[in-house]
Amino acid sequence: MASSIGSVSFLALLLLLFFLVSEASVHDYSKERFVQRGNAYVIHGGSEGLYGSLSEPNSSSSSSASNGDSFIRFEKITFTRTKETAESKETGSSFVQAIIFEVEDRESIGGSAYGGQRAICCTPDLAKMESCKEGAIIYRPSAKNPDWPQVFGVSFEGMDLVASIPSKTIPITKTGMYNLYFMHCNPKLEGLVVEGKTIWKNPTGYLPGRMAPLMNFYGFMSLAFVIIGLFWFSQYARFWREVLPLQNCVTAVIALGMLEMTLWYFDYAEFNETGVRPTGITIWAVTFGTIKRTVSRIIILVVSMGFGVVRPTLGGLTSKVLLLGTTFFIASEVLELVENVGTISDLSGKARLFLVLPVALLDAFFILWIFVSLSKTLEKLQARRMMAKLDIYRKFTNALGVAVVVSVGWIGYELYFKSTDVYNERWQNAWIIPAFWQVLSFSLLCIICALWAPSQNPMRFAYLDDGSEDIDKAESLGFISPGPVFSKDTKSSSPSNANASHGINANLIGDMEEDKRE
């Protein structure tokens, strides 16, 4: 029964840790303590996707990060036990092991005692049945590569308080998701800690395998933002006298996008070169990205409300929009900083849910408010027969609708992907998930740029308070009643003009009253 419980607990630990893979190629251990899992005591040393070496492994390993070698290197790994443990006469086995295995070989770890019940440590009974060494980790050679898993260890000598694993490099010749654990089987070694570091390297650098494609992706996205920026800024320079406030906001979003993509590229490039994520660049990239997403959502919301098109101001809604935007920025910034700065594996599932949930709810509220506002704006445009503006808003609504449908579908796929990939065996495709959201937001930005590009006729989507909306003569007859023809010397304050002016003023007053009610 104890073996069964130990097996279940250990596998549960594996499941948890596979979900929380650390995004760092230099894993530092600073007095990490062993945690009991079944009949074993373990420390998770790291899990990363590694590609096989492009050339023959070189144990000396050149200083270049992209020399084609792939390896896991142990540097200054030391285990320290307490003085009381060293002086105890009933210490038992003082053997501490490190085990590295590829995820496909996970079933080769542990042994069976009774009816298939698995145990990680070799007990006296298992030592007789499976010819394992009592007090050591049970494992069997991989069916595909008899040299794996890699298992080695060190024992405490006499009264020594410290035992060290000699520095060594484990070449990686086969692409896969590799896992490292430090383990011992002696409950008497209470208080045992580990210090040192391991370095995990891919053929092209120190970026973890599932993150490596993102460096090239952010490079391409930087180029894409440059291209759309050239188009937008050329139009901006040509018609700078006719630029509207909304177009200034779009310019800011494009500039923020350029900065964000460039910073992410340099962040990944530095990470790839050194194996340690540059905290300063990461924080700036996260912050610029959060500002861009917040500003983008606010722009879409105020455009949906008809600001600058059917209403001159937001009235009492301005403070509410700013409050929603500020709240979203804070929640999103905290989430992104926690996810991208520091050790990712320290973030538990509940803590992540606590941070993700507010952002998801605020996003949902943005979407709901946007579509409700769009519905009202379309009704106003149709009622006033502003056909040019109505056509633009219909295209904008369709684009947003498609984006929302695609987003919901992708969220479903993302949940399916993660729920069916418990052990991260599809790590080589994991980069597509964050990349998709960048591509979707960029596509929506391109549509906005196409619809609201600066032009020589900005009045086609600008708010006018003098009755000169973009309506042709036939449409104008529907709003202005025909009046008698007056002589040339008739004053402009004729009855027909007075009626038209009265109608326009009534419309404006009605809009202002509606703004107050909202």
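Parameters at a glance
- Residues numbered from 1 in each chain as written.
- Predicted model: local features only at pLDDT ≥ 70, side-chain atom pairs only at ≥ 80, totals over all residues.
- Heavy atoms only, no water.
- Axes fitted to C-alpha atoms, helices over the stretch in contact; angles between N-to-C directions.
- Helix = DSSP H or I, 4+ residues; strand = E, 2+ residues; numbered from the N terminus.
- Parallel < 35°, antiparallel > 145°, perpendicular 65-115°, else oblique.
- Left-handed = near helix turned anticlockwise from the far one by under 90°.
- Contact = heavy atoms within 4.5 Å.
- Phe/Tyr/Trp six-rings, centres within 6.5 Å; stacked < 30°, edge-to-face > 60°.
- Buried < 20%, exposed > 50% of the residue type's maximum accessible area, 1.4 Å probe, protein only.
- Lys NZ or Arg CZ within 6 Å of the ring centre and 35° of its normal.
- Core = buried A, V, L, I, M, F, W, Y, C linked by side-chain atoms within 4.5 Å.
- Disulfide = S-S within 2.5 Å.
- Pairing = 2+ DSSP bridges.
- 1 Å grid on protein atoms, 1.4 Å probe; cavity = no way out; pocket = protein on both sides within 12 Å on 5 of 7 lines; lining within 4 Å.
- Points joined across faces, edges and corners; volume = space filled by probe spheres on them.
- Nonpolar A, V, L, I, M, F, W, Y, C, P; charged D, E, K, R; others polar.
- UniProt positions renumbered as here; feature names shortened; annotations may be inferred.
- Patch = residues over 30% accessible without salt bridge, like charges linked within 9 Å, V, L, I, M, F, W, Y side chains within 5 Å.
- Areas by Shrake-Rupley, 256 points an atom, 1.4 Å probe, with all protein chains shown as cover.
- Salt bridge = Lys/Arg side-chain N within 4 Å of Asp/Glu carboxyl O.

Caption draft 1: Expanded view of the packing of helix H5 (residues 245-274) against helix H10 (residues 432-451). It is the contact of H5 with H10, at a shortest axis distance of 11 Å, that shows an interaxial angle of 150°. Considering the angle they form, H5 stands roughly antiparallel to H10. Between H5 and H10 lies a crossing of left-handed hand. Only Gln438, Leu445, Ile448 and Cys449 of H10 make contact with H5, whose side of the interface consists of Val250, Val253, Ile254, Glu260 and Met261.

Caption draft 2: Seen up close, the packing of aromatic side chains. A full pass over the atoms with the stated rule returns 25 aromatic pairs. Ring geometry for Tyr265 against Phe266: centres 5.7 Å apart, planes inclined by 75°, an arrangement best described as edge-to-face. In this structure Tyr265 comes out as partly exposed when scored by relative accessible area, which is 32%. Counting every residue linked through ring pairs, the aromatic cluster contains Tyr29, Phe34, Phe74, Phe79, Phe152 and Phe182. Positioned above the aromatic ring of Tyr423 is the side chain of Arg106, whose terminal nitrogen or guanidinium carbon lies 3.9 Å from the ring centre. Over the face of the ring belonging to Phe152 we find Lys168, whose NZ or CZ atom lies 4.0 Å from the ring centre.

Caption draft 3: The arrangement of the nonpolar core in detail. Tyr268, Phe396, Leu445 and Trp452 are the most contacted members of the largest nonpolar core, which totals 60 residues. Looking at this core, the elements that each hand over two or more residues are helix H4 (212-238), H5, helix H6 (279-304), helix H7 (317-340), helix H8 (349-383), helix H9 (387-420) and H10. Per-element accounting of this core gives the leading share, 10 residues, to H4. Within the second largest apolar cluster, 27 residues are counted, among which are Val154, Phe156, Ile170 and Val194.

Caption draft 4: Quick peek at unusual backbone geometry. For the bond from Trp148 to Pro149, the omega torsion is 0°, close enough to zero to count as cis. Turning to its location among the elements, Pro149 is positioned in the loop between helix H3 (124-130) and strand E8 (150-155). For Arg385, which is not glycine, the phi dihedral falls at a positive 55°. In this structure, Asn424 takes a positive phi of about 60° despite not being glycine. Mapped onto the secondary structure, Asn424 falls in the loop between H9 and H10. On the basis of relative accessibility, which here comes to 17%, the residue Asn424 falls in the buried class.

Caption draft 5: Structural context of the state of the cysteines. Tallied over the entire structure, the rule returns one disulfide. Disulfide partner of Cys121: Cys185, at an S-S distance of 2.1 Å. Judged by the sign of its S-S torsion, about -85°, the cystine formed by Cys121 and Cys185 is left-handed. You can see Cys121 sitting in the loop between strand E7 (118-119) and H3 and its partner Cys185 sitting in the loop between strand E11 (176-184) and strand E12 (193-201), a full 64 residues away along the chain. Both residues of the pair, Cys121 and Cys185, count as buried. Sulfur of Cys446: no disulfide; nearest cysteine sulfur belongs to Cys449 and is 6.4 Å away.

Caption draft 6: Molecular detail of the environment of Trp148. Among the secondary structure elements, Trp148 is positioned in the loop between H3 and E8. Apart from residues lying up to four places away in sequence, Trp148 is in contact with Ile100, Phe101, Arg140, Pro141, Ser142, Ile170, Pro171, Ile172 and Tyr178.

Caption draft 7: Molecular detail of the environment of Gly135. Along the chain, the position of Gly135 falls in the loop between H3 and E8. Using a relative accessible area of 14% as the deciding quantity, one classes Gly135 as buried. Sequence spacing of Gly135 and Asn186 is 51 residues, and the spatial spacing of their C-alpha atoms is 7.0 Å.

Caption draft 8: Up close: the pairing of strand E4 (residues 71-80). Burial runs high along E4: seven of the 10 residues are buried. In the sheet, E4 pairs with strand E10 (residues 168-171) via four bridges, with the strands oriented antiparallel. Paired with Phe71 across the bridge in E10 is Pro171. Bridge count for E4 against strand E9 (residues 162-165) is four bridges, and the pairing is antiparallel. What sits directly across from Thr78, in E9, is Ser164.

Caption draft 9: Empty space enclosed by the protein, seen in detail. The full count for this structure, using the stated rule, is three cavities of 30 Å³ or more. The computed volume of the largest cavity comes to approximately 90 Å³. For the lining of the largest cavity, the residue count by class is two nonpolar, two polar and five charged.

Caption draft 10: Fine view of the UniProt feature "transmembrane region" (unreviewed entry) in the protein. Feature annotation in UniProt places "transmembrane region" (unreviewed entry) on residues 217-234, 246-266, 294-314, 353-372, 392-411 and 431-453, given in this structure's numbering. Between the first and last C-alpha atoms of residues 392-411 the distance is 29 Å; the span itself is 100% helix and 0% strand. Structurally, residues 431-453 comprises 87% helix and 0% strand, and the distance from its first C-alpha atom to its last is 33 Å.

Caption draft 11: Structural detail: the sheet that holds E8. Reading across the sheet, the five strands line up as E2-E3-E11-E5-E8 and stay open at both edges, with antiparallel pairing between neighbours. Strand pairing shows two members of the sheet lacking a second neighbour, strand E2 (35-37) and E8, which therefore form its edges. Strand-to-strand twist across the sheet, computed as the mean angle between neighbouring axes with direction ignored, equals 35°. As judged from the seven bridges shared by strand E5 (residues 95-102) and E11, these two strands associate in the antiparallel manner. Its bridge partner being in E11, Val96 is matched across the sheet by His184.

Caption draft 12: Structural view of a nonpolar patch on the surface. The grouping of Leu223, Val226, Ile227 and Leu230 at the surface amounts to a nonpolar patch, some 380 Å² of accessible area in total. With respect to the element layout, Leu230 can be found in helix H4. For Leu230, a relative accessible area of 59% puts it in the exposed group.

Caption draft 13: Representation of the pattern of salt bridges. Taken as a whole and assessed by the stated rule, the structure comprises 12 salt bridges. A salt bridge links Glu425 to Arg106; the shortest N-O distance between them is 3.8 Å. Note that Glu425 is positioned in the loop between H9 and H10 and Arg106 in the loop between E5 and strand E6 (111-112), a separation of 319 residues in sequence. Given a relative accessible area of 40%, Glu425 falls into the partly exposed group. In this structure, the salt-bridge partner of Lys292 is Glu260, at a minimum N-O distance of 2.9 Å. On the criterion of sequence distance, the pair formed by Lys292 in helix H6 and Glu260 in helix H5 is long-range, its members being 32 residues apart. Side by side, Lys292 and Glu260 carry an identical accessibility label, which is buried. A single salt-bridge network, built from bridges that share partners, covers Glu102, Glu104, Lys144 and Lys174.

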